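Residues per chain are reported as follows:
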Amino acid sequence: MQKFKQFKLPIHTDDRFSLIEAGKDLDFVIKRVYVIVDGVKPSGAHCHKIEQEYFFVARGSVVMTIDDGSGLRDVNLDQGEAVYVGAYVWHHFKSFALGTVVVALSSTDYDSTRQDYISDYEEFRKLVGDSQ
């Protein structure tokens, strides 16, 4: 699979609710699920050395900033849209619409030591190269 990929998810709606079908494209075993709610400030920008993640917007909209080695760019995500973020992809969320819910599926268990993280953008650019 690519290092970064954007998906439009199927949304099934009837007179009771809308069902967003997510995760069919995963190439990893889900070890952890977490949900981002009430976002008012940007999340911490970083990349992972090992962890793979799959994010989808269950409600609302958000902007995701990414760099997959080709430079920083913003990706607008609305309800029913998802992204796959592989290892060594710089990313963070910003500009949360009120009430936005982002669901994250992760290939690794939570590690409070953050050994898998690179939180310095210049270090990330040195590791992946800079084609900007």
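Look up a bit, the structure's there.
Figured I'd write up the structure that's included with this text. (Residues numbered from 1 in each chain as written. Predicted model: local features only at pLDDT ≥ 70, side-chain atom pairs only at ≥ 80, totals over all residues. Heavy atoms only, no water.)

## What about the pattern of salt bridges?
Applied cut-off: Salt bridge, as used here: a side-chain nitrogen of Lys or Arg that lies within 4 Å of a carboxyl oxygen of Asp or Glu. Secondary structure elements are defined from DSSP: runs of H or I of at least 4 residues count as helices, runs of E of at least 2 residues count as strands, and each element is numbered from the N terminus. Each residue gets one of three labels from its accessible area relative to the maximum for its type: buried under 20%, exposed over 50%, partly exposed in between, using a 1.4 Å probe on protein chains only.
Under the definition given, this model contains six salt bridges. Among the salt bridges present, the one from Glu 51 reaches Arg 32, with a minimum N-O distance of 2.9 Å. Of this pair, Glu 51 sits in the loop between strand E5 (47-48) and strand E6 (53-59) while Arg 32 is found in strand E4 (residues 32-37), placing the two residues 19 residues apart along the sequence. Residue classification places Glu 51 among the buried residues on the basis of a relative accessible area of 2%.

## Section: the side chain of Asp 67
Worth spelling out the cut-off: When charges are counted, Lys and Arg are positive and Asp and Glu negative, with His and the chain ends excluded. What qualifies as a polar contact is a pair of N or O atoms within 3.5 Å, subject to a donor-acceptor requirement within protein and to the restriction that residues adjacent in sequence count only when both atoms come from side chains.
Within the secondary structure layout, Asp 67 lies in strand E7 (residues 61-67). Buried charged residue Asp 67 carries no salt bridge. Nearest counter-charge: Arg 125, at 5.9 Å. Within the local environment of Asp 67, its side chain forms a polar contact with the backbone nitrogen of Gly 69, the two atoms lying 2.7 Å apart. Of the polar contacts made by the side chain of Asp 67, one reaches the side chain of Tyr 121; its length is 2.6 Å.

## A look at the nonpolar core
To be explicit about the condition: Think of a nonpolar core as a cluster: buried Ala, Val, Leu, Ile, Met, Phe, Trp, Tyr and Cys residues, connected wherever their side-chain atoms sit within 4.5 Å. Residue contacts are counted whenever heavy atoms from the two residues lie within 4.5 Å of one another.
Grouped together as the largest cluster of nonpolar side chains are 15 residues, with contacts concentrated most on Phe 4, Phe 55, Met 64, Leu 77 and Phe 93. Contributions of two or more residues to this core are made by E6, E7, strand E8 (73-78), strand E9 (81-85) and strand E11 (101-106). Element by element, the count of residues in this core is highest for E7, at three residues. With residues up to four places along the chain from it excluded, the contact list for Phe 93 reads Ile 36, Pro 42, Ser 43, Phe 55, Val 62, Val 63, Met 64, Leu 77 and Val 102. Residues Leu 9, Leu 26, Tyr 54 and Phe 56 belong to the second largest nonpolar core, which totals eleven residues.

Remember, this is a structural readout, not a statement about activity or role.
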